[in-house]
Amino acid sequence: MKTITKSTCCYCGVGCGVLIESENGQIIGVQGDPDHPANFGRLCTKGLTLAQTAQSQTGRALYPELRLSRDAQRQRTDWDSALDTVAARFAGIVQQHGPDAVAFYVSGQLLTEDYYVFNKLAKGLIGTNNIDTNSRLCMSSSVTAYKLALGADGPPTCYEDLELADCVLLAGSNMAYAHPVLFRRLEAAKAARGAKWIVVDPRRTDTAALADLHLQIQPGTDVALFNGMLHHLIWEGLIAADYIAAHTEGFAALKALVRDYTPRMAAEICGILEADLIQAAELFGRSPASLSLYCMGLNQSAHGTDKNLALINLHLASQQIGRPGAGPFSLTGQPNAMGGREVGGMATMLAAHRDIQNPEHRAEVARFWGVERLSDIPGTPAVALFDALKSGQIKAVFIACTNPAHSMPDLNTVREALQTAEFVVLQEAFAHTDTAAYADVLLPASSWGEKVGTVTNSERRISRVRAAVAAPGEARHDWWIATEVARRMEMLLRPGLPTLFPYADPESVFNEHRALTVGRDLDIAGLSYALLEQAGPQQWPLPQGQLHGQARRYTDGVFATASGQAKFHATPYKPLAEPTNARYPFHLLTGRLRDQWHGMSRTGRLPQLFSHTPEPSLSMHPLDAERRGFKAGDLLRVSSKRGQLVLPLQISDEVSSGSVFAAMHWNGQFLNSGGINEASIGKVDGKSFQPELKHAAVRVEPA
Ligand code: SF4
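Residues numbered from 1 in each chain as written. Predicted model: local features only at pLDDT ≥ 70, side-chain atom pairs only at ≥ 80, totals over all residues.

- In the annotation of an unreviewed UniProt entry, the protein is listed under the name Assimilatory nitrate reductase (NADH) alpha subunit apoprotein and assigned to Chitinimonas taiwanensis DSM 18899.
- In its Sequence similarities (unreviewed entry) section, UniProt records this for the protein: "Belongs to the prokaryotic molybdopterin-containing oxidoreductase family. NasA/NapA/NarB subfamily." (UniProt positions renumbered as here; feature names shortened; annotations may be inferred.)

Below, the structure written as structure tokens:
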């Protein structure tokens, strides 16, 4: 008999609702859920092919595997042996070297319940804040800027604003590829209401091609652009003086800074026409409702937080915030980067948006969990985590649902770290990722269509994820595996005490999480699996007594800072972390393809998803190719100070002369290398610790 199961797409942060059709334990079809408020039935190519990718079980991790020494191959084992080994090795290292000698590296692909258990295992049981996630590579600059400027993480906006904006500023986002279903909503709104689009991107992407104004800036000059636009708004009296006086702090210092950023000077830094910069400022400042949509182009930068802050400055100064159709809207990359932050599953935060450095927050969580205290030592964020593994400061790492040997910057360092580590655990649905080669223990995990829990999308909306079929082989759910490891470690680290992990199912984990949010900005005490069942996906906050979530935040002009005032930040423009020079004369830019997702462990299994872009390539401007005598299809070696890879040339005027572009997805299964991160730089933003994955200086020569 055919069954229809409502769930959520597992790819991007749009969080589309899906209807999974299954029969005899097989997923046989997927359609968009017409009732889901993110997509109203639409799906992109990735979502539409979820059934086919789920049917292909080739390469799934089916059984626990274990090796007892580094020079041995992993052998199949049983769950008890695998879990006992992981618990004993981790507990042994903690007892010998202290809690900060171990670390967890998890994923924005995990469900909120999975994330919660991992976070409690690290911070509550072991007593280390060394748990970070691939969301560090994705959203941390946005998070840091929201907190600094508005007082709390999370966007003030909602998807409905896409349809209500008169001016849309897309910065560092190829939304047509990265958030396709939202882009369709935006296109429909443009057709219906004539909204003006400004696209800020060093490449002429498919998104930029549809813009009313494309600002093809030099890489990394976004802050100069936004400061120049603000200068024009101030000069022309397009700022909201009363709003600034009543609801913000720090404007005088910002005004003094941007005095120097005349449109002419800013445009010169950006490599664009002064008239175009002025036109962008006029459109943004004079439109009744201006919405900015931004993503990795701002975030994945050594100055990512400043880029976000400079953009938020524009919104605050012109009161383009807290109103329908207006606001700074950071588009989440992964399906549950937001949920991971809600449970505090990162090295720099605690549960329910609490802070590690705040003694009251630590005491609240410790009391709630029933542990003596939480560590006040900041955890080690992703890039530093692998550096510490390489230096031996961290001795064991537990990786779940992510592939750092492909996705982290500066892959030589990451590979050395995984080789040096005393003990590497990998919890994964797929057996042959780049990282799997380094694992001492492989714990097979369930995947999309098999899992149960919740995720939070880009507009703070929590949706249910439901299982349509059972996991293959002996694969188990992520929350279950983390719970079983935790219970075994408890017996070694705190014998005789009641368990901290009394979970029977994901719902019991969710209920504990929501109780921890009471009184916080993301309070979801009023939300339950039952309410999600009955009323559908809901946005947070949703405190006790409410039946529906809140679409927009800060509509009353009161912000989540201690003073209730939003804070301007004076952000001077800083040059790229790695400028080009005579030896490395090209700007290497990275980005997404339309039909692939991350490291392709799922999308790379389906031939039809290669029809749009069949093979990896390096895009170069025709003039640059001609000057060097390169022809389309030539194999070229792309080298940075850190590493190199070989790619065939694609000649394209989508990139400016002086820049080259390569997609981020291709990995060791498709190349004789780990992919573009062989060349990328591990330099991180000083505030958010997010690495500069979008840019590196490279040279290009015949292979
Ligand atoms: Fe899935 Fe994102 Fe496509 Fe929606 S837009 S179907 S969430 S990949």
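1. Considerations on the pairing of strand 12 (residues 290–294)
In step 1: Counting buried positions over the five residues of strand 12 gives five, a clear majority of the element.
In step 2: As paired strands, strand 8 (residues 167–171) and strand 12 are joined by five bridges and run parallel to one another. Paired with L170 across the two strands is L293, which belongs to strand 12.
In step 3: As judged from the four bridges shared by strand 12 and strand 13 (residues 327–330), these two strands associate in the parallel manner. Paired with L293 across the bridge in strand 13 is F329. (Buried ≥ 20, exposed ≤ 12 C-beta atoms within 10 Å, placed from the backbone. Helix = DSSP H or I, 4+ residues; strand = E, 2+ residues; numbered from the N terminus. Pairing = 2+ DSSP bridges.)

2. Looking at the site of the ligand
In step 1: Around the ligand lies a shell of 14 residues, among which C9, Y11, C16, C44 and G47 are the nearest.
In step 2: At the level of secondary structure, the elements contributing two or more residues to the shell around the ligand comprise helix 1 (45–48) and helix 8 (180–193).
In step 3: Residue composition of the shell around the ligand, by class: nine nonpolar, four polar and one charged.
In step 4: Shared between two domains, the shell around the ligand takes at least three residues from each, and those domains are domain 1 (3–55) and domain 3 (140–331). (Near = placed C-beta within 6 Å. Nonpolar A, V, L, I, M, F, W, Y, C, P; charged D, E, K, R; others polar. Domains from an automatic or database assignment.)

3. As for the domain arrangement of the protein
Interface extent is often summarised as the accessible area lost during association of the parts.
In step 1: In terms of domains, the protein is made up of domain 1 (3–55), domain 2 (65–136 + 343–454 + 467–539), domain 3 (140–331) and domain 4 (586–702).
In step 2: The C-alpha-based centres of domain 2 and domain 4 are spaced at 31 Å.
In step 3: Counting residues at the interface gives 16 residues for domain 2 and 19 residues for domain 4.
In step 4: Elements with a minimum of two residues in the side of domain 2 that touches domain 4: helix 19 (404–407) and helix 20 (411–420). (Contact = placed C-beta atoms within 7 Å.)

4. Regarding the sheet that holds strand 17 (residues 453–456)
In step 1: Sheet architecture is open: three strands sit in the order 17-18-19, paired in antiparallel fashion. Sheet topology places strand 17 and strand 19 (538–539) at the edges, where each strand pairs with a single neighbour.
In step 2: Alignment of strand 17 against strand 18 (residues 461–465), held across four bridges, turns out to be antiparallel. By the bridge assignment, V455 is partnered in strand 18 with S463.

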